[in-house]
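# Structural characterization, general
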Amino acid sequence: MDGENTIIKIENLTKTFMGAQGEFAALDSVNLEIKQGEIFGVIGMSGAGKSTLVRCINFLEKPTQGTVYFNGKDISLCTKKELYALRRSMGMIFQQFNLLMQSSVLNNVCFPLTIAGVDKSTARGRAKELLSMVGISEKADAYPSQLSGGQSQRVAIARALATNPQVLLCDEATSALDPATTRGVLALLKDINKRLGITIVVITHEMRVIQEICDRVAIMDDSKIAEVGFVKDIFTKPKTKAARRLILPEDRPMGGMPGKRCCRIVFDGNSTYEPILAGMILDFRMPVSILFADMENIEGKAFGQMIIQLPENEEVADKMIEYLHLKGLTAEEVFGYV
Amino acid sequence: MFNPQILNMIGWGILETLYMTLISTIMAYLFGLPLGIALVVTDQGGIYPMKHLNTVLGTIINLLRSVPFLILLILVFPITQFVTGTTIGPNATVVPLVIGAAPFIARLVESSLKEVDKGIIEAAESMGASPIKIIYKVMIPEARPSLIIGSAIAVTTILSYSAMAGIVAGGGLGDIAIRYGLYRYQTDIMLVTVIMLVIIVQVLQEIGMRLAKIGDKRK
């Protein structure tokens, strides 16, 4: 985070829809502050209200109650023209890319500029610049149907950046992509954030996405914000049930194992890839079972988490946790996992 | 029996039919296209919802469409008389053809525009595009192949309507078919006019399909 200025402030935001079973609140008194230059994540299960939240930021959805401020200005007070101009300073990308299928890649990137009244040759020049920045200049004359998912999302990113926005809103931008492509797109977003200083709001249901690029995160659950904080803090010490549910793996192993005590080890890049666990087992001469592991080796550092089941012997179990702490790992006991 | 006079008459019939069909199609689109756009835009989930206007437009279109063309032809005689000064001949037939085809075209346009991905429209909105710009820079270009196929359907439907106008001496091939085939039992002449109609429909339909395909950038 560069500055500490708030760029987007959401106050008491409520959005209700009329459904088949009457009124239903997609957002319920949401408060958030997004700082200039940060990558802010919003994570939640599907139906938690995160997509509605991001649409309230650029007023694609009009809030039922509450206020959204952009650079200190109450968006609801904008005239139509001011709102169109404001949307140009907030780019947006989507899960399904939403490119114009009948326009070439170059014309897709020119599109927001033409709408803004930029003349054709200037727009084309700027579009070419952007395409080379996202690394697909050679596809300028292709049509979206000829692109892969990753390429499509790059075009969408170039298009969203065409009008020099201050904010980029990403609505499940990597959810339709495979893991390798996802990593490439996330790296591009991070690069854009660093180089251009654009504030990025990431909506996702995948904790991996949050871990990989976000500075801070808000956990959404049941139309409300359950928890907000730095990604590292929330990932290592989730306070709410909703946060825990998103961080801990979904499918749980079924019983039949000795011992009820489990320990969650978080690898946040501070520890190297040395075989700590193997060392521990050798030192204690006691086996532990690995119930879950989701690890990644990024530039020689370990990221991710692991859940192990500790031996039944209470004393040994306690010592094992202590051992992990001594090795510099974040380890905490989790209850009720098995 | 196919003396030069008859051939000459059939030749004129073809020209009259094409004239009625094309003029009517163009004029019907002048009304039908904006009407179809209005139906989509003012719809509840549209980019500029106007519930009441949408209901009124929908009802008028349904009313007009539920009148069989043969009845409409006679029903609008006063209007035809007022506009063209006559109720017979190809010029007079253009009036009921436009009135009959415009609501049909509005529905065709509506269904083409509704095929446009909602996400693409939302993306355009997120870029600060006004509803007018979304209509002519997103919805129409994106629906172009489907709109062209729709126009091929419209033109062939109008062609068959124009043949029906033969019953009230509306000119064209239909007129010939009814005069010779029905009133004089000269089935051979009727057969020739029918074959001519079939060929014209085939050609127009094929042109429409090819144009749609050439313009479509989706695979």
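Above this text you will find the structure in question.
No experiment lies behind these values; they were computed from the predicted model shown. (Residues numbered from 1 in each chain as written. Chains lettered and ligands numbered in written order. Predicted model: local features only at pLDDT ≥ 70, side-chain atom pairs only at ≥ 80, totals over all residues. Heavy atoms only, no water.)

Glancing now at the state of the cysteines. Here, disulfide denotes a covalent bond that connects the sulfur atoms of two cysteines. One pass over the full model with this rule turns up zero disulfides over all chains. The cysteine A:Cys263 is free of any disulfide, with A:Cys262 supplying the nearest cysteine sulfur at 8.7 Å. (Disulfide = S-S within 2.5 Å.)

All names here are of chain B. In the contact formed by helix H1 (residues 4-41) and helix H2 (residues 51-66), the axes pass within 9 Å of each other and the chain directions differ by 135°. Taken together, the axis directions place H1 and H2 in an arrangement best described as oblique. When the axes of H1 and H2 are compared, the crossing they make is left-handed. Here Leu35, Ala38 and Leu39 of H1 come into contact with H2, specifically with Asn54, Leu57, Gly58 and Ile61. Classifying every residue of the contact of H1 with H2 gives five nonpolar, two polar and no charged. (Axes fitted to C-alpha atoms, helices over the stretch in contact; angles between N-to-C directions. Helix = DSSP H or I, 4+ residues; strand = E, 2+ residues; numbered from the N terminus. Parallel < 35°, antiparallel > 145°, perpendicular 65-115°, else oblique. Left-handed = near helix turned anticlockwise from the far one by under 90°. Contact = heavy atoms within 4.5 Å. Nonpolar A, V, L, I, M, F, W, Y, C, P; charged D, E, K, R; others polar.)

All names here are of chain A. Strand order across the open sheet formed by four strands is S2-S1-S4-S5, with antiparallel pairing between neighbours. With partners counted over all chains shown, the strands left at the sheet margins are strand S2 (22-35) and strand S5 (73-74), one partner each. Pairing analysis gives 10 bridges linking strand S1 (residues 6-19) to S2, with the strands arranged antiparallel. Within the sheet, the bridge partner assigned to glycine 19 lies in S2 and is glycine 22. (Pairing = 2+ DSSP bridges.)

The next thing to look at is the interface of chain A and chain B. With 24 residues of chain A at the interface, the matching set in chain B holds 26 residues. Contact between chain A and chain B buries roughly 2100 Å² in total, counting both sides, with carbon and sulfur atoms accounting for 59%. With a closest N to O distance of 2.5 Å, A:Arg55 and B:Glu122 form a salt bridge. For the pair chain A and chain B, the interface holds 10 residue pairs in polar contact (both at pLDDT 80 or more). For the side of chain A that touches chain B, the secondary structure elements donating two or more residues are helix H2 (80-88), strand S6 (90-94) and helix H3 (105-115) of chain A. (Buried area = accessible area lost by both parts, 1.4 Å probe. Salt bridge = Lys/Arg side-chain N within 4 Å of Asp/Glu carboxyl O. Polar contact = N/O pair within 3.5 Å; in protein donor to acceptor, adjacent residues only side chain to side chain.)

According to the stated counting rule, one finds two aromatic pairs over all chains in the structure shown. Measuring from centroid to centroid gives 5.7 Å for A:Phe284 and A:Tyr323, while their planes differ by 75°, and the two rings are edge-to-face. Remark: A:Tyr323 occurs in helix H11 (residues 314-326) and A:Phe284 occurs in helix H10 (residues 276-284); sequence separation between them is 39 residues. Here A:Tyr323 falls in the buried class, since its relative accessible area comes to 15%. Geometrically, the ring pair formed by B:Phe69 and B:Tyr161 is stacked, given 4.4 Å between the ring centres and 5° between the ring planes. Of this pair, B:Phe69 sits in helix H3 (residues 69-75) while B:Tyr161 is found in helix H7 (residues 131-164), placing the two residues 92 residues apart along the sequence. (Phe/Tyr/Trp six-rings, centres within 6.5 Å; stacked < 30°, edge-to-face > 60°. Buried < 20%, exposed > 50% of the residue type's maximum accessible area, 1.4 Å probe, protein only.)

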